[in-house]
Amino acid sequence: MDFTKLAYVDLETTGGHPGIDRITEVAIVRTEQGELVESWSSLVRPGVPIPKRIQKLTGIDDEMVADAPSL
């Protein structure tokens, strides 16, 4: 298997319960031979309030995602 080209995906969410919590941010970084080639990220409007503990952890609050696209 050739691992010289990889993409890493990171999600931030409103919590850890898959049936209740929603995505608030998506980020992707692409590497080739261990070097960063491209990156992309977007806030996502989750459609539910972001709990204060998650806001503190991620730095993402309801105001930041108010105008973001939904998933």
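What you see is a predicted model, and the numbers here were worked out from it, not measured in a lab.

For the rest of this paragraph, the subject is the overall build of the protein. Assigned secondary structure in the protein consists of two helices and three strands. Taken from the N to the C terminus, the helices and strands of the protein come in the order β-β-β-α-α. The globule rule puts the C-alpha radius of gyration for 71 residues at 11 Å, and the 14 Å found for the protein is more than 25% above it. Reported as C-alpha extents along the three principal axes, the dimensions of the protein are approximately 40 × 25 × 20 Å.

Attention shifts here to unusual backbone geometry. In this model, Gln 33 sits at a positive phi of 55°, which is unusual for a non-glycine residue. Mapping Gln 33 onto the fold places it in the loop between strand S2 (23-32) and strand S3 (35-43).

A few words on the pattern of salt bridges. In this structure the tally under the stated criterion is two salt bridges. Where Glu 32 meets Arg 30, a salt bridge forms, and the shortest distance between an N and an O atom there is 2.8 Å. On the basis of relative accessibility, which here comes to 28%, the residue Glu 32 falls in the partly exposed class. By relative accessible area, which is 30% here, Arg 30 ends up partly exposed. Ionic contacts of the salt-bridge type, sharing partners, join the residues Arg 30, Glu 32 and Glu 38 into one network.

Quick notes on the rules
- Numbers given to residues run from 1 along each chain, matching the order in which its sequence is written.
- Since the coordinates come from a predicted model, pLDDT governs what is reported: local features require at least 70, and pairs of side-chain atoms require 80 or more to be given and counted, while whole-chain, interface and lining totals use all residues.
- As a rule here, side-chain values come from all non-hydrogen atoms in the structure, and water together with hydrogens is ignored.
- The secondary structure listing takes helices from DSSP runs of H or I that are at least 4 residues long and strands from runs of E that are at least 2 residues long, numbered from the N terminus.
- The globule rule used here is 2.2 Å times the number of residues to the 0.38 power, and the radius of gyration it is set against is calculated over C-alpha atoms.
- One side-chain nitrogen of Lys or Arg within 4 Å of one carboxyl oxygen of Asp or Glu is enough to make a salt bridge.
- Three exposure classes are used, based on accessible area relative to the maximum for each residue type with a 1.4 Å probe and protein chains only: buried under 20%, partly exposed in between, and exposed over 50%.

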